[in-house]
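# Observations on the three-dimensional arrangement
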Amino acid sequence: MKLKPQTTVWLSIALVTVGIGVTMATGLWQTESNKIPRALPTPAVVTASDQSGSTTVQYDPADIRGSYKFGEVSNLYGIPLEVLAQAFGIPQGDVEAFQVKGLEALYPDTENEIGTASVRLFTACYLGVAYSPSEDTWLPASAVAILNQRAVMSADLAAYVAAHTVP
C-alpha cells in the first residue's frame, strides 16, 4: 500500500492529536511536576497525637531531587528548617528557598561532594528510615553531630555516616 506524503502528514497529526486527547481524558497527561515524593512501601503510621485516627504517610528520602527547596524537604519529611540549616551550614534567612542542588556551591573546596545525595542520607538517618546510598555519600561534620544527638539511625547507617564525614 502506497500513501501520498500529504496523507502521511495528516495521519501523523491526527495520531498525535488523538493520543494527546486520550491521555488527557484518562488523566495520564501531566505537564507539571507535583513535587510529591514516593511513599515508602511500609504501612502508614497512625500518630499518637492525632485523635481523629487518620494516618500519615512516610515519604522515601531516596526520592529527594536537587530541584527541591529546603522548605519543601522540611514540610514533606517533618525536619525543622533550623535543623537543616545547622546541618548543612545554610544562612538562616535563605533556608526555606535554598535549593538542595545549591549545596555543591556551598562546599566547593571539599574533596568529597556534598549535595543532593547528602540531603537524602541525612533525611533517612534523621527519620530512622532504612536507606542504602547508591554512591559514596558524604555529610558535613555538623550534620553528623545532629544525627548522633538524635540517635535514631540503624547501626549500619551510623557506621557508614561515621566513615563518610567531611570535617
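Residues numbered from 1 in each chain as written. Predicted model: local features only at pLDDT ≥ 70, side-chain atom pairs only at ≥ 80, totals over all residues. Heavy atoms only, no water.

### Some words on the side chain of His164
Assignment of secondary structure puts His164 in the loop between α7 (155-163) and β4 (165-166). Relative accessible area serves as the criterion here: at 13%, His164 is assigned to the buried category. (Helix = DSSP H or I, 4+ residues; strand = E, 2+ residues; numbered from the N terminus. Buried < 20%, exposed > 50% of the residue type's maximum accessible area, 1.4 Å probe, protein only.)

### A look at the packing of helix α3 (residues 81-88) against helix α5 (residues 116-127)
Where α3 meets α5, the axes come as close as 12 Å, and the angle between the chain directions of the two elements is 125°. One finds that α3 runs oblique with respect to α5. Seen from above, α3 lies across α5 with right-handed handedness. Of the residues in α5, those touching α3 at Val83, Leu84, Ala87 and Phe88 are Ser118, Val119, Phe122 and Tyr126. Its residues assigned to classes, the contact of α3 with α5 comprises 7 nonpolar, 1 polar and no charged. (Axes fitted to C-alpha atoms, helices over the stretch in contact; angles between N-to-C directions. Parallel < 35°, antiparallel > 145°, perpendicular 65-115°, else oblique. Left-handed = near helix turned anticlockwise from the far one by under 90°. Contact = heavy atoms within 4.5 Å. Nonpolar A, V, L, I, M, F, W, Y, C, P; charged D, E, K, R; others polar.)

### A short note on helix α6 (residues 141-150)
For α6, every residue scored as buried is listed here: Ala143, Val144, Ile146 and Leu147. Buried residues of α6, seen end-on, are gathered within an arc of 160° and therefore sit on one face of the element. Ala151 sits one or two positions beyond α6 and adopts a positive phi of about 50°. (Arc of directions from axis to C-beta.)

### Points about the nonpolar core
Residues Phe70, Phe88, Leu121, Phe122, Leu139, Leu147 and Val161 are the most contacted members of the largest nonpolar core, which totals 36 residues. Sorting the residues of this core by element identifies α2 (70-77), α3, α5, α6 and α7 as the ones contributing at least two each. The dominant element in this core, judged by the number of residues it contributes, is α5, at 6 residues. In this view, Leu139 contacts Phe88, Ile114, Ser118, Leu121, Phe122, Val144, Leu147, Val161, His164, Thr165 and Val166; residues no more than four positions away in its chain are not counted. (Core = buried A, V, L, I, M, F, W, Y, C linked by side-chain atoms within 4.5 Å.)

### Details of the packing of aromatic side chains
Aromatic rings in a pair are described by how distant their centres are and how their planes are angled relative to each other. On inspection of all chains with the given rule, the structure shows 5 aromatic pairs. Counting every residue linked through ring pairs, the aromatic cluster contains Phe70, Phe88, Phe98, Phe122 and Tyr126. The ring of Tyr126 is capped by Arg150, whose NZ or CZ atom sits 4.0 Å from the centre of that ring. (Phe/Tyr/Trp six-rings, centres within 6.5 Å; stacked < 30°, edge-to-face > 60°. Lys NZ or Arg CZ within 6 Å of the ring centre and 35° of its normal.)

### As for the side chain of Ser118
Structurally, Ser118 can be placed in helix α5. The class of Ser118 is buried, set by a relative accessible area of 1%.

### Things to note about the environment of Gln149
Relative to the helices and strands, Gln149 resides in helix α6. For Gln149, a relative accessible area of 69% puts it in the exposed group.

### A few points about the confidence of the model for the protein chain
Looking at the protein chain, pLDDT values average 85 and 91% of them are 70 or higher. When mean pLDDT is compared element by element in the protein chain, α3 scores highest at 94, while strand β1 (residues 45-46) scores lowest at 45. Below pLDDT 50 for its whole length, residues 44-53 participates in 8 contacts with residues either more than four positions away or in separate chains. (pLDDT = per-residue confidence, 0-100.)

### Section: the pattern of salt bridges
When their charged atoms lie close together, side chains carrying opposite charge are able to pair. In the structure shown here, the tally under the stated rule is 3 salt bridges. The salt bridge involving Arg38 is made with Asp63; its shortest N-O contact spans 3.2 Å. With a gap of 25 residues between them, Arg38 in the loop between α1 (5-25) and β1 and Asp63 in the loop between β2 (55-56) and α2 connect regions that are remote in the sequence. Classification of Arg38 by relative accessible area gives partly exposed; the value is 44%. What makes Asp63 buried here is its relative accessible area of 8%. Between Asp63 and Arg65 there is a salt bridge, and its shortest N-O distance comes to 2.6 Å. One salt-bridge network, in which partners are shared between bridges, spans Arg38, Asp60, Asp63 and Arg65. (Salt bridge = Lys/Arg side-chain N within 4 Å of Asp/Glu carboxyl O.)

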